[in-house]
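# Residue-level structure breakdown
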Amino acid sequence: MMINRDKTFKTALFICAAASALATLLIFGFLLVFGLPLFKGGQFFLLLGRPWAPGQGMYGFLPMIAGTAAISLLSLVVAFPISLGVSFFLHSLAPAALGKILKRLVQFMTGVPTVIYGFIGVFLLVPLIREMFENGSGMCVLSASLMLGLLISPTMILFFSDGFAAVDKKYIQAARALGATRVQTLLFVVLPNAWRGLMTGLIMALGRAMGDTLIALMIAGNAVNVPSSLLDPARTLTSHIALVSAADYHSMEFKSIFACGVTLYLLNAAAVIAIRRFGAVGKDKAHV
Amino acid sequence: MKKPILWHGLLAAVLVMACASWGLAGDLDAFKGRKGEIRIAGGTAHIPVMKEAAKRIMTLNPDINISVAGGGSGLGIKQVGEGLVDIGNSGRKPTDDEAGKYGLGMYKWAIDGVGVVVNPKNSVKSLTKAQLKDVYAGKIVNWKELGGEDKGINLYTRDESSGTREVFWKKALGKGEISSKALFVQSNGAMKTAIANDPYSIGYVSVGHMDSSVAGVALDGKAPTLENVKSGEYGVARGLYSNTKGEPTGLTQLFINYLMSDEGQALAAAKGFVPVK
């Protein structure tokens, strides 16, 4: 009886896991099938080299790849130090009551819809950046990265904090017993042992940054142009898809956004693999 | 002795009010006692009129639910053609290809201009078409060259599926180039916000959407005002269309009828468009 129930439960869980894995694969397959006309005969690479000029039958989206890469990586650069700092503070430096309030606040922040960040960006950040840097409209890579950094920080902070909390208490007690200060314990005991949590946090945050549409759509300016400075406007793959999906269903223009989808998918996968690789190397070092 | 007078007065007042409300709600009467849903999407220039009409209908009859979404003319035509919405708005006439493929019923209920706009703080309030073309092509990049401040020009444009862009590109730019440095916004409303917030910007917006937060720029001496659009002096104009898949039926037909009624046409005029009747 007991074993039977156990088995049913296991099967149910397995089905759930298989379904979600399958969904991910199916989406990729769907994108590939719809983008197939473009992939045939190496047209895909031709696509990359050309400019985006639907009027003249050219559907290159290299500028959008550059936009996505620039904005999401910069947002990580913005968010990583902040998140590490806040989670350090939460883990060992903050007084209990303050830490609790701060953690609730961070949890609340993960649920704030991105359109609100976008809106604040349009009315507060963009004019500020415009006034600060004389030229340009303020709608640029820098504005979008700063806002996106703020958006992904709470996710990172929560994963980092969980990583720190998962470190075996005995290690910490041992370190304290040897006379290590809180900061020393944090840097030399907690941080190396929380490596996995840090990597997961980075991956989740990068995924969110790459996948986010509204912030870039609202404040990056959406110009089809490879950005050459922080103050240049840029268009990400996601906002490109959002802008172009209104085009005629049967046009080449519309079909080309499936190629964008595939690219975004691959880019995301590549980033996850890269972080895991880098993380594995770092972890080995930590244990030497 | 006073009582009867009071009663007569009240009765007269009630009668007057009844007549007045009956007269006012005349064109909306068709919606009484009906039930159902109308889904509207597409052209963003249409939204103020759609929202107001929807509000009036739903206030009169809460059993009717009307949803109004944007998305652009291209999206409106696509969605109505595929049966995702009941009415697909477009700020341009659907192409023969689109109309044929989907079998669209097209209803033009107003004429709207597309005006060039700058921030109200900008001193440049008049351009020639040739200057505008050079500005959008990225050949003129500083306001100083147009008699303004020594500041870079921030170009704003819309995406390819926008009817507003289509008309602007054809009739104001003469199908000229739009620089790759141009910033993209996704609706008439977003364009207005962007221009109102950026002192060195230039963009284009439906004349019906213009208000004091942006300043219209005269093209070859013709200001983009309702009067100039109406008289035909300002040439950058287009029809506002509401499209249905085939002949409209049921509530959708009533909605189109309302747009074409005296009241609907007065509403279009009140929102800054030129009525067709």
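Residues numbered from 1 in each chain as written. Chains lettered and ligands numbered in written order. Predicted model: local features only at pLDDT ≥ 70, side-chain atom pairs only at ≥ 80, totals over all residues. Heavy atoms only, no water.

## Structural notes on the overall build of chain A
Helices and strands together make up the secondary structure of chain A, namely twelve helices and two strands. In chain A, the succession of helices and strands from N to C terminus is α-α-β-β-α-α-α-α-α-α-α-α-α-α. C-alpha atoms of chain A, sized along the principal axes, occupy 70 × 65 × 35 Å. Across the 288 residues that make up chain A, the buried fraction comes to 44%. The contacts of chain A with a sequence gap of at least 6 include a subset with a gap of at least 24, amounting to 73%. (Helix = DSSP H or I, 4+ residues; strand = E, 2+ residues; numbered from the N terminus. Buried < 20%, exposed > 50% of the residue type's maximum accessible area, 1.4 Å probe, protein only. Contact = heavy atoms within 4.5 Å.)

## Focus on a nonpolar patch on the surface
Residue and element names in this part refer to chain A. Taken together, the side chains of V115, I116, F119, I120, F123, L124 and L214 define a hydrophobic patch exposed on the protein surface, amounting to about 610 Å² of accessible area. Ranked by the residues each element gives to the nonpolar patch, the list is headed by helix α5 (residues 114-132), at six residues. With respect to the helices and strands, I120 occurs in helix α5. (Patch = residues over 30% accessible without salt bridge, like charges linked within 9 Å, V, L, I, M, F, W, Y side chains within 5 Å. Areas by Shrake-Rupley, 256 points an atom, 1.4 Å probe, with all protein chains shown as cover. Salt bridge = Lys/Arg side-chain N within 4 Å of Asp/Glu carboxyl O.)

## Observations regarding the interface of chain A and chain B
Chain A puts 28 residues into the contact, and the matching count from chain B is 25 residues. Of the roughly 2100 Å² buried between chain A and chain B, counting both surfaces, carbon and sulfur atoms make up 50%. For the pair chain A and chain B, the interface holds one salt bridge. R130 of chain A serves as the salt-bridge partner of D198 of chain B, at 3.8 Å between the closest nitrogen and oxygen. Our count for the contact surface shared by chain A and chain B stands at three residue pairs in polar contact (both at pLDDT 80 or more). (Buried area = accessible area lost by both parts, 1.4 Å probe. Polar contact = N/O pair within 3.5 Å; in protein donor to acceptor, adjacent residues only side chain to side chain.)

## A closer look at the packing of aromatic side chains
For the coordinates displayed, the defined rule picks out twelve aromatic pairs over all chains. Between the aromatic rings of Y136 of chain B and F168 of chain B, the centroid separation amounts to 5.2 Å while the plane-to-plane angle is 65 degrees, which identifies the pairing as edge-to-face. Residue Y136 of chain B is located in helix α5 (residues 129-137), and its partner F168 of chain B is located in helix α6 (residues 163-172); the two are separated by 32 residues in the primary sequence. What links up through ring pairs into an aromatic cluster is the set F30, F34 and F258 of chain A. Its guanidinium or amino end placed over the ring of F184 of chain B, R235 of chain A lies 4.3 Å from that ring's centre, counting from NZ or CZ. (Phe/Tyr/Trp six-rings, centres within 6.5 Å; stacked < 30°, edge-to-face > 60°. Lys NZ or Arg CZ within 6 Å of the ring centre and 35° of its normal.)

## Points about the environment of N89 of chain B
Residue and element names in this part refer to chain B. With respect to the helices and strands, the residue N89 is situated in strand β3 (residues 87-90). On the basis of relative accessible area, N89 is assigned to the buried category, the value being 2%. For the pair N89 and Y241, spaced 152 residues apart in sequence, the C-alpha separation works out to 5.7 Å. Not counting the four nearest positions on each side in its chain, N89 is found in contact with I40, A41, G42, G43, H46, M50, G72, S73, G76, Y241, S242 and N243. Polar contacts involving the side chain of N89 include one to the side chain of S242, which spans 2.7 Å.

## Focus: the nonpolar core
Formed by 86 residues in total, the largest nonpolar core has its most connected members in L132, F168 and I202 of chain B. Examining the composition of this core, we find that ten residues originate from one element, helix α6 (residues 141-165) of chain A, more than from any other. Beyond its immediate sequence surroundings of up to four residues, L132 of chain B is in contact with V116, L127, F168, A172, L173, I202 and L219 of chain B. (Core = buried A, V, L, I, M, F, W, Y, C linked by side-chain atoms within 4.5 Å.)

## Some points on the UniProt feature "domain: PBP" (unreviewed entry) in chain B
Taking the numbering used here, the UniProt-annotated feature "domain: PBP" (unreviewed entry) corresponds to residues 35-263 of chain B. A helix fraction of 34% and a strand fraction of 28% characterise residues 35-263 of chain B, whose end C-alpha atoms lie 21 Å from each other. (UniProt positions renumbered as here; feature names shortened; annotations may be inferred.)

## A look at the confidence of the model for chain A
Mean pLDDT over chain A stands at 85; residues scoring 70 or higher make up 91%. Mean pLDDT in chain A bottoms out at helix α2 (residues 43-49) of chain A, which sits at 68, and peaks at α6 of chain A, which reaches 93. (pLDDT = per-residue confidence, 0-100.)

## A word on the pattern of salt bridges
Residues and elements named next belong to chain B. Throughout the structure, instances matching the rule amount to eleven salt bridges over all chains. The residue K55 makes a salt bridge to E52 at a minimum N-O spacing of 3.8 Å. With K55 and E52 both in helix α2 (residues 47-60) and three residues apart, this pair spans about one turn of that helix. The class for K55 is exposed, based on a relative accessible area of 51%. Here E52 falls in the buried class, since its relative accessible area comes to 18%.

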